[in-house]
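Understanding the architecture of this molecule
What follows is the residue order along each chain.
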Amino acid sequence: MAFALLEQIRSIFDGDPGVRKVADDPVLSAELLMLFRMILADGTVSESEMAAFRRICQEAFGIPEASIDSVIEYLNEFGYETNSSQAIAQFRDLDVERRSLLARHMAEIAKADSQLAGIEMQLLRRTLDLLDISPADVVKAEE
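Residues numbered from 1 in each chain as written. Predicted model: local features only at pLDDT ≥ 70, side-chain atom pairs only at ≥ 80, totals over all residues. Heavy atoms only, no water.

1. Description of the packing of helix H3 (residues 26–40) against helix H4 (residues 47–61)
- Two elements in contact, H3 and H4, have axes whose closest approach is 10 Å; the angle formed by their N-to-C orientations is 165°. Relative to H4, the element H3 is oriented roughly antiparallel. Here the hand of the crossing between H3 and H4 comes out right-handed. Contacts between H3 and H4 involve Leu28, Glu31, Leu32, Leu35, Phe36 and Ile39 from the former and Glu49, Met50, Phe53, Ile56, Cys57 and Phe61 from the latter.
- Looking at side-chain class alone, the contact of H3 with H4 contains 10 nonpolar, no polar and two charged residues. (Axes fitted to C-alpha atoms, helices over the stretch in contact; angles between N-to-C directions. Helix = DSSP H or I, 4+ residues; strand = E, 2+ residues; numbered from the N terminus. Parallel < 35°, antiparallel > 145°, perpendicular 65-115°, else oblique. Left-handed = near helix turned anticlockwise from the far one by under 90°. Contact = heavy atoms within 4.5 Å. Nonpolar A, V, L, I, M, F, W, Y, C, P; charged D, E, K, R; others polar.)

2. Side note on the pattern of salt bridges
- Enumeration over the complete set of coordinates arrives at five salt bridges.
- A salt bridge links Glu65 to Arg54, with the shortest nitrogen-to-oxygen separation between them at 3.2 Å. One end of the pair, Glu65, is in helix H5 (residues 65–79); the other, Arg54, is in helix H4, and 11 residues separate them in sequence.
- Residue class for Glu65 comes out partly exposed when judged on its relative accessible area of 43%. (Salt bridge = Lys/Arg side-chain N within 4 Å of Asp/Glu carboxyl O. Buried < 20%, exposed > 50% of the residue type's maximum accessible area, 1.4 Å probe, protein only.)

3. Considerations on the confidence of the model for the protein chain
- Per-residue confidence for the protein chain averages 83 on the pLDDT scale, and 85% of its residues sit at or above 70.
- At the low end of the mean pLDDT range in the protein chain sits helix H1 (residues 2–14), at 53; at the high end sits H4, at 96. (pLDDT = per-residue confidence, 0-100.)

4. Description of the environment of Leu102
- Looking at the element boundaries, Leu102 is found in helix H7 (residues 96–112).
- Residues Leu102 and Ile88 lie 14 residues apart in sequence; the distance between their C-alpha atoms is 9.6 Å.
- With sequence-adjacent residues up to four places away left out, Leu102 is seen in contact with Glu31, Met34, Leu35, Ile88, Phe91, Thr127 and Leu131.

5. Describing the environment of Glu47
- With respect to the secondary-structure elements, Glu47 resides in helix H4.
- Note: C-alpha distance between Glu47 and Ala112 (65 residues apart in sequence) is 8.9 Å.

6. Focus on the side chain of Ser67
- Within the element layout of this structure, Ser67 appears in helix H5.
- Apart from residues lying up to four places away in sequence, Ser67 is in contact with Asp16, Pro17 and Gly18.

Structure, rendered in structure tokens:
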């Protein structure tokens, strides 16, 4: 109980640790923005897409569940200043495995609601083109 109170006090002065982690890592910020754009691509935000986003945040990036809503707020504010091409530019110099991870996460979110919309496929295809990776690279990375 005392530890939780101290952590809350610390977060008031230092900011949310999950938001700090995202804000301090431009590549992570860019990836989360792209994932969030995939959620919004078909015009509806489903619970299953948000659940997939939350799981990815926790499992792949170590963002605590308690921080995810604050991270989403940060992305909303930060996202107005960054378009998809700018976000993707953060990935161009990374290895194919890391670029493929972004594509896999985007595909996972697109498939989360069991309705793969055409606009979601377009966004994923454009992302693959901009990242200079093939769908085969994404599939190989999953194996």
